[in-house]
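So you can see what is in the structure, the chains are spelled out below.
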Amino acid sequence: MPPFPAWFDGRGAVMAFLTSRVLPANPRKVLSIGANGQPAAATYVGDSDGGGYRAHNIQVLTISGDRITRIDAFLETDIFALFELPLTYPATASG
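Given the structure is predicted, the values throughout are model-derived calculations rather than measurements. (Residues numbered from 1 in each chain as written. Predicted model: local features only at pLDDT ≥ 70, side-chain atom pairs only at ≥ 80, totals over all residues. Heavy atoms only, no water.)

**Student:** Let's hear about the nonpolar core: which residues, and what values?
**Tutor:** One broad rule of soluble globular proteins: the nonpolar side chains tend to lie buried together. With 14 residues, the main nonpolar core has Leu31, Ile33, Ala42, Tyr44, Ile58, Phe80 and Leu85 as its most contacted residues. Listed by contribution, the elements that provide at least two residues to this core are strand 1 (28-35), strand 2 (38-46) and strand 3 (52-64). Here phenylalanine 80 is in contact with Ala42, Thr43, Tyr44, Ala55, His56, Asn57, Ile58, Leu85, Pro86 and Leu87, once residues within four sequence places are set aside. (Core = buried A, V, L, I, M, F, W, Y, C linked by side-chain atoms within 4.5 Å. Buried < 20%, exposed > 50% of the residue type's maximum accessible area, 1.4 Å probe, protein only. Helix = DSSP H or I, 4+ residues; strand = E, 2+ residues; numbered from the N terminus. Contact = heavy atoms within 4.5 Å.)

**Student:** Can you explain the pattern of salt bridges? Please cite residues and give values.
**Tutor:** Two side chains that carry opposite charge are able to pair once their charged atoms sit near each other. Taken as a whole and assessed by the stated rule, the structure comprises 2 salt bridges. In this structure, aspartate 72 and arginine 70 form a salt bridge, with 2.9 Å as the shortest nitrogen-oxygen distance. The class for aspartate 72 is partly exposed, based on a relative accessible area of 23%. Relative accessible area serves as the criterion here: at 49%, arginine 70 is assigned to the partly exposed category. (Salt bridge = Lys/Arg side-chain N within 4 Å of Asp/Glu carboxyl O.)

**Student:** Outline the packing of aromatic side chains, supporting the account with residue identities and numerical values.
**Tutor:** One pass over the full model with this rule turns up 2 aromatic pairs. With a centroid separation of 5.3 Å and an interplanar angle of 80°, the aromatic rings of tyrosine 44 and phenylalanine 80 are classed as edge-to-face. Separated by 36 residues along the polypeptide, tyrosine 44 in strand 2 and phenylalanine 80 in the loop between strand 4 (67-74) and strand 5 (88-90) bring together distant segments of the chain. We classify phenylalanine 80 as buried; its relative accessible area is 0%. Between tyrosine 44 and tyrosine 89 the ring centres are 5.0 Å apart and the planes differ by 90°, which places this aromatic pair in the edge-to-face class. Of this pair, tyrosine 44 sits in strand 2 while tyrosine 89 is found in strand 5, placing the two residues 45 residues apart along the sequence. Ring pairing ties together the aromatic residues Tyr44, Phe80 and Tyr89, which thus form one cluster. The side chain of lysine 29 reaches across the aromatic face of tyrosine 53, ending 5.5 Å from its centre. Here the basic side chain of lysine 29 rests over the ring of tyrosine 89, its NZ or CZ set 5.6 Å away from the ring centre. (Phe/Tyr/Trp six-rings, centres within 6.5 Å; stacked < 30°, edge-to-face > 60°. Lys NZ or Arg CZ within 6 Å of the ring centre and 35° of its normal.)

Any functional reading would require information that these geometric values do not contain.
Structure follows, in structure tokens:
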């Protein structure tokens, strides 16, 4: 999959992107994980019928001091297996 480069300068720009493109989407389930010694998140998107969640992406955060300086999002759901994560979650699952 080709990269989708984007550059956001500052908290306001990041929040504008998240509010317009990420947060209005289907309900999400986010699991805190680690990747290569860095904090990361596995994101699942809710099915349109409300029956559960399906794997969407893994995001790896680069931290410098007390700030996030980079977010790498991997949209290939086959990498969920590398983290021993399921591809789907039932609607009632906690995690």
